[in-house]
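Coordinates in review
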Amino acid sequence: MDAEVVVERYADQGRCVAHIEGRVVFVRFALPGERLIVRLDEPHNRNDRFWTGETVKVLEASEYRTEPAWKQAGPLEFGGGVGGADLIHVSLPGQLAWKKAVIDEQMLRLGKIETDTAVERLEQDETSGGLHWRTRIETAANEQGFPSMHRRGTHDRIAIKDMPLATQNVLEVAEKTGLFDGGFNAGDHIRLSVPQFWAQDKSSDNYAVVVNGKVCAGQRLLTEKVSVGLPVSGGKKDFFYKVHASGFWQIHRCAPAALVSRVLSLAADATQGVKNPCVWDLYSGSGLFTVPLASDIASRGSVLSVEGATVAVKNAKKNIVSAGLNNVVARCGDVERVLRNVPSRLSKPDLVVLDPPRAGAKSKVCALIAASGAKHVIYVACNPASLARDAGMFARLGYELADIHAVDIYPMTHHVETVVLMSRVEGK
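First, a word on what this report is: a plain description of the structure on this page. (Residues numbered from 1 in each chain as written. Predicted model: local features only at pLDDT ≥ 70, side-chain atom pairs only at ≥ 80, totals over all residues. Heavy atoms only, no water.)

Right, let's talk about the sheet that holds strand E4 (residues 23–28) for a bit. Spatially, six strands are ordered E1-E5-E6-E4-E3-E2 in an open sheet, and the strand pairing comes out mixed. The open sheet is flanked by strand E1 (2–6) and strand E2 (9–10), the only strands paired with a single partner. Bridge count between E4 and strand E6 (residues 50–60): five bridges; the pairing is parallel. Residue pairing in the sheet places Val25 in a bridge with Trp51 of E6. (Pairing = 2+ DSSP bridges. Helix = DSSP H or I, 4+ residues; strand = E, 2+ residues; numbered from the N terminus.)

Pasting the structure below:
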């Protein structure tokens, strides 16, 4: 069923809201203010409270609409449908406006906190047009053995010979290893990880092609390099990390440095005047924040890092030792459980940094952080809705929003990374 609609506002998951006969319709590849012909997804006649659909014709376009730079990820009607870039139809300025609107709306609606979020685009993304930023790609082999992506609404798997969001490093290694030439078994899960650091020595095997969990080329333990300025110690420093080829790492080529710089700047202000600061780094992964926090912010203090993934904690411990640090206690386990049994010398943090998964930290962890007496909390979030819920919880526990800043480390997608500073209100 096709219908004409006028798009009203941004929604979640890269969609916008319109109405058909009083019923809400979430529309893909739309922008607020546009007049469109929308094709509803089947079954569209069910008695649900909302429908979903996709743009098939633009009658009146937004100033932010642009021709998709990657047509395979665009609308089905125009040969797309593979996903992975749900804002491919939006200009770079429009993507920032979209993400700002979503963050501010979620913070107000779910957190009851009014915000005016600044969304920063990383400089390199301007020159690359929002492409070539992913240091990791994942795909699956189709029946013919080629890396492929699933076309929405069908059972088809479309072979891909290129990945416009991947860094040039990733594309070079893909060519070097023959990744797009096929030869896989149908259904194979394929992951290619290439640290940006690889560009400095392209003869190295500091990359990994992982098929169904097995490294087929390169090596399992990769080296990542993050160069940042140190606000307390002064100067710039290179930090090196060992990261599992199948493990989590910020996938934008510039995201680790951008996020660490932001966190360190906020942390330096938050702990100013504290002689021997105690810092908690929760959901700490392989130590992206732990190592620079311990090296600079808490160099005369202590850091407690907590992470649930065993492999990530093993790598974090290696990274801590390699950095020559002896002021970090790294714990492996569920964050809530670990926080209920913190050693007394680490039980009163001056600052808590947390970077939880998409679901957020949730109320029990927020309550434990507040009960610790921490004066400041730096929250790094990849999901505005989870951030808003947790920020609202911190507000009810006696904190107020002191700073909010977003970094667009996921160009061409609806995802955005937001860094928030919550500070305890005096007397609470």
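Membership of the largest hydrophobic core comes to 75 residues, with the highest contact counts inside it found for Trp70, Met163, Leu179, Leu192, Phe289, Leu293 and Ile378. No other element matches helix H4 (residues 255–270), which puts ten residues into this core. Those residues within four positions of Leu192 in sequence are excluded, and the remaining contacts are Thr135, Arg136, Ile137, Val170, Val173, Ala174, Leu179, Ala208 and Val209. Ranked by size, the runner-up nonpolar core spans 40 residues in total, among them Val119, Cys278, Leu387 and Ala406. (Core = buried A, V, L, I, M, F, W, Y, C linked by side-chain atoms within 4.5 Å. Buried < 20%, exposed > 50% of the residue type's maximum accessible area, 1.4 Å probe, protein only. Contact = heavy atoms within 4.5 Å.)

On the basis of which strands lie adjacent, the open sheet formed by eight strands has the order E7-E21-E22-E20-E19-E16-E17-E18 and mixed pairing. For this open sheet the edge positions go to strand E7 (118–121) and strand E18 (328–332), each flanked by a neighbour on one side alone. The average undirected angle you get between the axes of adjacent strands in this sheet is 15°. Of the strand pairs in this sheet, strand E19 (residues 351–354) and strand E20 (residues 376–381) are connected by four bridges, and their pairing is parallel. Its bridge partner lying in E20, Val353 is registered against Ile378. (Axes fitted to C-alpha atoms, helices over the stretch in contact; angles between N-to-C directions.)

Here the focus is the layout of surface pockets. Quantified by volume, the largest pocket comes out at close to 770 Å³. Looking at the largest pocket, it is lined by 35 residues, and the ones nearest its centre are Phe248, Trp249, Gln250, Asp355 and Pro357. Counting residues per element, the ones that place at least two in the lining of the largest pocket are strand E15 (236–244) and helix H6 (310–322). For the lining of the largest pocket, the element with the most residues is H6, which contributes three residues. (1 Å grid on protein atoms, 1.4 Å probe; cavity = no way out; pocket = protein on both sides within 12 Å on 5 of 7 lines; lining within 4 Å. Points joined across faces, edges and corners; volume = space filled by probe spheres on them.)

This part takes up the pattern of salt bridges. For the coordinates displayed, the defined rule picks out 22 salt bridges. A salt bridge links Asp2 to Arg39; its shortest N-O distance comes to 2.8 Å. Within this pair, whereas Asp2 is found in strand E1, its partner Arg39 is found in strand E5 (residues 35–40), the two being separated by 37 residues in sequence. By relative accessible area, Asp2 is classed as partly exposed at 39%. Residue classification places Arg39 among the partly exposed residues on the basis of a relative accessible area of 36%. Residues Asp12 and Arg15 are paired through a salt bridge, measuring 3.1 Å at the closest nitrogen-oxygen approach. (Salt bridge = Lys/Arg side-chain N within 4 Å of Asp/Glu carboxyl O.)

Let us look at the pairing of E18. A regular strand carries its side chains on alternate faces of the sheet. Bridge count between strand E17 (residues 302–307) and E18: five bridges; the pairing is parallel. In the strand pairing of E18, Ser305 is matched with Ala330. As for the winding sense of the linkage, the β-α-β connection from E17 through H6 to E18 is right-handed. (Right-handed = clockwise from strand over helix to strand, strands pointing away.)

So, on to unusual backbone geometry. The phi dihedral of Glu21 is positive, around 50°, even though this residue is not glycine. Among the secondary structure elements, Glu21 is positioned in the loop between strand E3 (15–20) and E4. Phi is positive for Lys362, which is not a glycine, with a value near 75°.

In this section: the packing of helix H8 (residues 362–371) against helix H9 (residues 384–396). Packing of H8 against H9 brings their axes to within 10 Å, and their N-to-C directions diverge by 40°. With respect to H9, the axis of H8 lies oblique. Helix-helix and strand crossings are classified by hand; for H8 and H9 the assignment is right-handed. Along its contact with H8, which presents Lys362, Ser363, Cys366 and Ile369, the element H9 presents Asp390, Met393 and Phe394. (Parallel < 35°, antiparallel > 145°, perpendicular 65-115°, else oblique. Left-handed = near helix turned anticlockwise from the far one by under 90°.)

In this structure, His89 sits in the loop between E6 and helix H1 (92–111). Of the residues examined, His89 reaches a relative accessible area of 1% and is grouped as buried. In this structure, the C-alpha to C-alpha distance between His89 and Arg28, residues 61 residues apart in sequence, is 10.0 Å. Not counting the four nearest positions on each side in its chain, His89 is found in contact with Phe29, Ala30, Leu31, Tyr64, Arg65, Thr66, Pro68 and Trp98. Of the polar contacts made by the side chain of His89, one reaches the backbone oxygen of Ala30; its length is 3.1 Å. (Polar contact = N/O pair within 3.5 Å; in protein donor to acceptor, adjacent residues only side chain to side chain.)

Along strand E16 (residues 278–282), five of the five residues are buried, which leaves the element largely enclosed by surrounding structure. The alternating pattern of E16 places Cys278, Trp280 and Leu282 and Val279 and Asp281 on opposite faces, both of which are buried. The pairing of E16 with E17 spans five bridges and is parallel. If you follow Cys278 over to E17, its bridge partner there is Ser302. The β-α-β motif built from E16, the intervening helix H5 (residues 290–297) and the parallel element E17 has right-handed crossover chirality. In the sheet, E16 pairs with E19 via four bridges, with the strands oriented parallel. Paired with Val279 across the strands is Leu351, a residue of E19.

Any link to function would need more than the numbers given here.
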